[in-house]
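Coordinates in review
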Number of protein chains: 2
Amino acid sequence: MRYLDDKYLLMAPGPVQVSEAAQKAMSEPMIHHRTSAFAEILARVLKNLPAYFQTECPVMILPCTGSGGMEAALVNCFSAGDEIIAIVAGKFGARWADVAEVYGLKVHRLNVKWGHAADIEDVKRMIEEFPNAKGIMTQACETSTGTWQPIKAISKLTRNTEKLLLVDGITAVGCTHLPMDRWHLDVVVAGSQKAFGLPTGLSMVAMSEKAWRANEKATLPRYYFDLKLELEANKIQQTHFSSAVSLIKGLDVVLSDALEHGMDHMIMRTQHLSESMRKAGKAMGMCEYSLSPSPSVTALVPPEPVDAGKLKAHLAEKYNLTVMGGQGDLKGKIVRFGHMGDIGNSDHLAAIEALGYGLKDLGAEISEEQINTVLDQAESFLKMCSNV
Amino acid sequence: MRYLDDKYLLMAPGPVQVSEAAQKAMSEPMIHHRTSAFAEILARVLKNLPAYFQTECPVMILPCTGSGGMEAALVNCFSAGDEIIAIVAGKFGARWADVAEVYGLKVHRLNVKWGHAADIEDVKRMIEEFPNAKGIMTQACETSTGTWQPIKAISKLTRNTEKLLLVDGITAVGCTHLPMDRWHLDVVVAGSQKAFGLPTGLSMVAMSEKAWRANEKATLPRYYFDLKLELEANKIQQTHFSSAVSLIKGLDVVLSDALEHGMDHMIMRTQHLSESMRKAGKAMGMCEYSLSPSPSVTALVPPEPVDAGKLKAHLAEKYNLTVMGGQGDLKGKIVRFGHMGDIGNSDHLAAIEALGYGLKDLGAEISEEQINTVLDQAESFLKMCSNV
């Protein structure tokens, strides 16, 4: 094996590999969140975080998973009975629409074929059909299929109106081009275990001025997810509830590092890793599942006779590589690679190597020579990218 | 100095000092939550967790702080318009009542003087006055004052009725005598950064059969905090949302260790540390603030001319010891010591030593000789305790 060794490789669409520097910061002796030492860290994190969202709006850090942030987005902007348009192109779109319904919103679902981007004409038609809709909610990247949605185009339909555009950016913020301010996005939600390269446990939520205006009128019940309480606390370098000290210390390291290298660096890196993986996958007989692939997650369909579920299990057992399979109808049909977190070139190449041998082990028509050629090409590509 | 050295001491009522073993488990390379490796850990944690609550009911782990767990307790048991009796004896009692009001419950507050336990006769009167109340909510230990509430006595008023008894056990579960099943408690909430000795980020919630029956009828909106979704996911060794893998791995270590030593061990240990701190405080001229002190948190009033706020700041600056001050009206009046988490005898004695010298530095009438006598007594007491 050229790259594979005993190292455990986590190449899922989150959680992801955590860098040593972040791990070290999180392992320091516990400090209390109501101390000047922590206030200093939190102040720096709150100052640095907006760059990740490409915004000048404040970004709040909630001690919950991304799903909690998605719920926070809804309960802070709407009232029971409000109408909303939900783009449902996969598991997470369906979940967000479900949450809205639980809270008594009238949800108009635009069901999009899995693996496809929403057709902007369909979105327009929905807006015409439901003129009272107070907002549109969509994933930036639908993680369940690795599919990018046409956020910029949708934002053109909402930016000069009072409609809010809510974006689940959980597998997008920080690793894809999703400029909140430039595109006039109103609520953007992120999660710590994705491009931030941290353990699960934080969701970050940014709200535009338009969203804060909607917040004034929104009457859905909220306490734990009350973003106004959080914003007020942040003004005095505190979080409203107990701070998740360890994760926020990890976040401090990650943000400082990202700002040092520039946000473009991480977006380009993710782009390069996904391009490399797509090329390698295709060269080894796999098809890309998504017609609108996101740079953060790559969904690949293995060639006959390989079952994707078996491939996923085999990669874990034999090559110590964790990737994810499909969800719902896609179970056993795709494998999903994440390109976020602390992934070195050698990790990425090892994953390609494992994938090649995994396919071969399970009966795909691929030779060792072909795998080596794919690895050569991937190596050269990454080398070229790092010289750009 | 006999015990004080450069070590940072965290003796707050949470977050607390994290053990090396837990820290180590949390620092291992990240694994994905939808893997058999994680399922095995989660299964063990879910099996071991009920012992901490002294229950045979399932305990669910939510990725949020204790306040999230308190909100979960309410939204899973009640409907808008339901009446509830809230014992409000401090900051956290007030917060829980506020959450209930946000969700449209009719809250009847029994306001108890801070530092006091609720008078059981008053609780009886409230139940008579509001016969339609569907439950009573109370802290076990009101963390803001270190005060224990008469949970056992209150439980006798609810156990043979359809009323639910909801207990915020955030600074109680695992370190005090709070037998959920024996006392017929219906919902008990805990938090990771307290007796579990972990970073902030998890809340554990246990519900009785009676509470699950109430859950069937409860219509308050819930998704992120939907305990039924969580219970179902737990049956197949998953959490409903992304698992907080690192914290759950830490929890696994903490629970295994606690079960090895026996739950009584930790309850006794907390009892001993608080007794020791109370004795030492009194011997150094301090008063106990609470008339019903909880073993988990000790609130002390410094002697004239010492201001508690200045004492807290001085202990942090000069002796590297973090304790908490008072909240609300108690600001500047008390200092609060927590007795949870990974506290060795030498840590505890160092905290007493710092307290003694801190008082002396700020003008209290106390000599070095007196401090040494207090330390001798504390040492003997802890030695005696460990021989029991």
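Model, not experiment: these values are computed from the prediction.

1. Comments concerning the packing of helix α11 (residues 308-319) of chain B against helix α12 (residues 345-361) of chain B
All names here are of chain B. Remark: α11 packs on α12, axes separated minimally by 10 Å, with the N-to-C direction vectors making an angle of 115°. It follows from the interaxial angle that α11 and α12 lie roughly perpendicular. The two elements α11 and α12 meet at a crossing, and its hand is right-handed. Here α11 contributes L311, H314, L315, K318 and Y319 to the contact with α12, which in turn contributes A354, L355, Y357, G358, L359 and D361. The residue makeup of the contact of α11 with α12, split by class, is seven nonpolar, two polar and two charged.

2. Considerations on the domain arrangement of chain A
Residues and elements named next belong to chain A. What the domain assignment reports for chain A is domain 1 (9-17 + 262-387) and domain 2 (31-261). Measuring from the centre of the C-alpha atoms in domain 1 to the corresponding centre in domain 2 gives 28 Å. Counting from both sides, the interface comprises 28 residues of domain 1 and, opposite them, 29 residues of domain 2. Looking at the side of domain 1 that touches domain 2, the elements with two or more residues in it are α10 (263-283) and β12 (297-301). The element best represented in the side of domain 1 that touches domain 2 is α10, accounting for five residues. Residues belonging to the side of domain 1 that touches domain 2 are distributed by class as follows: 14 nonpolar, 12 polar and two charged.

3. Quick look at the pairing of strand β9 (residues 187-191) of chain B
Residues and elements named next belong to chain B. Burial analysis of β9 places five of its five residues in the buried class, the great majority of the element. In this sheet, β9 lies alongside strand β8 (residues 164-168) in parallel orientation, the contact comprising three bridges. Looking at β9, one finds that D168 is bridged to V189. Across five bridges, β9 lies against strand β10 (residues 203-207) in antiparallel orientation. Looking at β10, one finds that G191 is bridged to S203.

4. A word on the sheet that holds strand β5 (residues 135-139) of chain B
All names here are of chain B. As summarised here, the arrangement of the seven strands in space is β2-β10-β9-β8-β5-β3-β4, forming an open sheet in which the pairing is mixed. Single-partner strands in this sheet number two, and they are β2 (59-62) and β4 (106-111). Geometrically, the sheet is characterised by an average inter-axis angle of 20° between neighbouring strands, direction not taken into account. Taken strand by strand, helix α2 (residues 36-53) contacts β2, β9 and β10, and its axis lies near 105° from that of β2. Across the sheet, helix α3 (residues 66-77) touches β2, β5, β8, β9 and β10, and the angle it forms with β9 is around 160°.

5. Quick notes on the environment of F78(B)
Residue and element names in this part refer to chain B. Relative to the helices and strands, F78 is located in the loop between α3 and β3 (83-88). For F78, a count of 25 C-beta atoms within 10 Å gives the class buried. Taking the C-alpha atoms as reference points, F78 and K217, 139 residues apart in sequence, are found 7.6 Å from one another. Not counting residues within four places of it along the chain, the set of residues in contact with F78 comprises I84, L105, K134, A218 and L220.

6. Here we look at the interface of chain B and chain A
Taken together, the contacts link 44 residues of chain B with 45 residues of chain A. Taken together, the elements giving at least two residues each to the side of chain B that touches chain A come down to α3, α4 (91-102) and α9 (245-261) of chain B. The biggest single contributor to the side of chain B that touches chain A is α3(B), with four residues. Of the residues belonging to the side of chain B that touches chain A, the class tally is 23 nonpolar, 18 polar and three charged.

7. Side note on the environment of P302(A)
All names here are of chain A. Residue position: P302 is located in the loop between β12 and α11 (308-319). Residue P302 is classed as buried on the basis of its 25 C-beta neighbours within 10 Å. It is 52 Å that separates the C-alpha atoms of P302 and R34, two residues lying 268 residues apart in sequence. Sequence-distant contacts of P302, that is, excluding residues within four places in its chain, are made with M286, A308, L311, V335, L359 and A364.

8. Overview of the relation of the copies chain B and chain A
For the pair chain B and chain A, the superposition axis carries a translation of 0.0 Å, the fit reaches an RMSD of 0.0 Å, and the rotation angle comes to 180°. Overall, the copies show the geometry of a two-fold rotation axis. Considering only C-alpha atoms, the residue of chain B closest to the rotation axis is C64(B), which sits at 2.5 Å. Counting the interface residues of chain B, we find that 98% of their copies in chain A are interface residues as well, pointing to one common contact surface.

Here is what the cut-offs are and how they apply
- Residues numbered from 1 in each chain as written.
- Chains lettered and ligands numbered in written order.
- Predicted model: local features only at pLDDT ≥ 70, side-chain atom pairs only at ≥ 80, totals over all residues.
- Axes fitted to C-alpha atoms, helices over the stretch in contact; angles between N-to-C directions.
- Helix = DSSP H or I, 4+ residues; strand = E, 2+ residues; numbered from the N terminus.
- Parallel < 35°, antiparallel > 145°, perpendicular 65-115°, else oblique.
- Left-handed = near helix turned anticlockwise from the far one by under 90°.
- Contact = placed C-beta atoms within 7 Å.
- Nonpolar A, V, L, I, M, F, W, Y, C, P; charged D, E, K, R; others polar.
- Domains from an automatic or database assignment.
- Buried ≥ 20, exposed ≤ 12 C-beta atoms within 10 Å, placed from the backbone.
- Pairing = 2+ DSSP bridges.
- Least-squares fit on C-alpha atoms with pLDDT ≥ 70 in both.

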